[in-house]
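In case you want the letters, here they are:
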Amino acid sequence: MRLGFRPTSFSLKYRDQRSSIGMCLTETLDEMVSTGTLSPELAYQVLVQFDKSMTEALETQVKSKVSVKGHLHTYRFCDNVWTFILQDAVFKSEDRLEQVKRVKIVACDSKLLTQ
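Please read these numbers as outputs of a predicted model, since none were measured by experiment.

Some remarks on the pattern of salt bridges
Argument step 1. One pass over the full model with this rule turns up one salt bridge.
Argument step 2. The residue Arg96 makes a salt bridge to Glu98 at a minimum N-O spacing of 2.6 Å.
Argument step 3. Judged by its relative accessible area of 36%, Glu98 is partly exposed.

Set out below in structure tokens:
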């Protein structure tokens, strides 16, 4: 995929982690920039707004709490981003229990996204 614009860190992480919403947004914007329908600057502004909207929605609209237990295989902290790889993880919420063989969790401080 070629990017005619510079994605923000949050949207880039969504795209890199194979998130449907981040991949679709990035691909659509890239296509629009490639065909001249959208300027690279405007595409960048769309991603900035995406970052802000996703951060706000996650902070204000998601009320569920989930606990995670598993065997920590790998962890790292680079560029203010934590990455955890768990094996045999169990996700437990109020009404559900999910077991996953392997999961990668990427986390960062949401305050860094709005700067």
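Digging into the pairing of strand 1 (residues 67-78)
Argument step 1. Examined bridge by bridge, strand 1 and strand 2 (residues 81-92) share 10 bridges and lie antiparallel to one another. Across the sheet, residue Phe77 finds its bridge partner in strand 2, namely Trp82.

Some thoughts on the packing of aromatic side chains
Argument step 1. The final tally for this structure, using the stated rule, is two aromatic pairs.
Argument step 2. When the centroid spacing of 4.7 Å and the interplanar angle of 40° are considered together, the rings of Phe77 and Trp82 count as tilted.
Argument step 3. Between Trp82 and Phe84, the ring centres sit 5.5 Å apart and the planes meet at 10°, which makes this aromatic pair stacked.
Argument step 4. Of the residues examined, Trp82 reaches a relative accessible area of 36% and is grouped as partly exposed.
Argument step 5. On the basis of relative accessibility, which here comes to 28%, the residue Phe84 falls in the partly exposed class.
Argument step 6. The rings of Phe77, Trp82 and Phe84 are connected pair by pair, giving a single aromatic cluster.

Comments concerning helix 2 (residues 20-34)
Argument step 1. For helix 2, which comprises 15 residues, the first-to-last C-alpha distance of 21 Å matches the rise-based estimate of 21 Å (1.5 Å per residue) to within 8%.
Argument step 2. What helix 2 keeps buried is the set Gly22, Thr26, Leu29, Asp30 and Val33. Projected down its long axis, helix 2 carries its buried residues within an arc of 100°, all on one side. Counted as exposed and oriented over 90 degrees from the buried face of helix 2: Ser20 and Glu31.
Argument step 3. Looking one or two places after helix 2, you find Gly36, whose phi comes out positive at around 85°.

Conventions we followed
- Residues numbered from 1 in each chain as written.
- Predicted model: local features only at pLDDT ≥ 70, side-chain atom pairs only at ≥ 80, totals over all residues.
- Heavy atoms only, no water.
- Salt bridge = Lys/Arg side-chain N within 4 Å of Asp/Glu carboxyl O.
- Buried < 20%, exposed > 50% of the residue type's maximum accessible area, 1.4 Å probe, protein only.
- Pairing = 2+ DSSP bridges.
- Helix = DSSP H or I, 4+ residues; strand = E, 2+ residues; numbered from the N terminus.
- Phe/Tyr/Trp six-rings, centres within 6.5 Å; stacked < 30°, edge-to-face > 60°.
- Expected span 1.5 Å × (residues − 1).
- Arc of directions from axis to C-beta.

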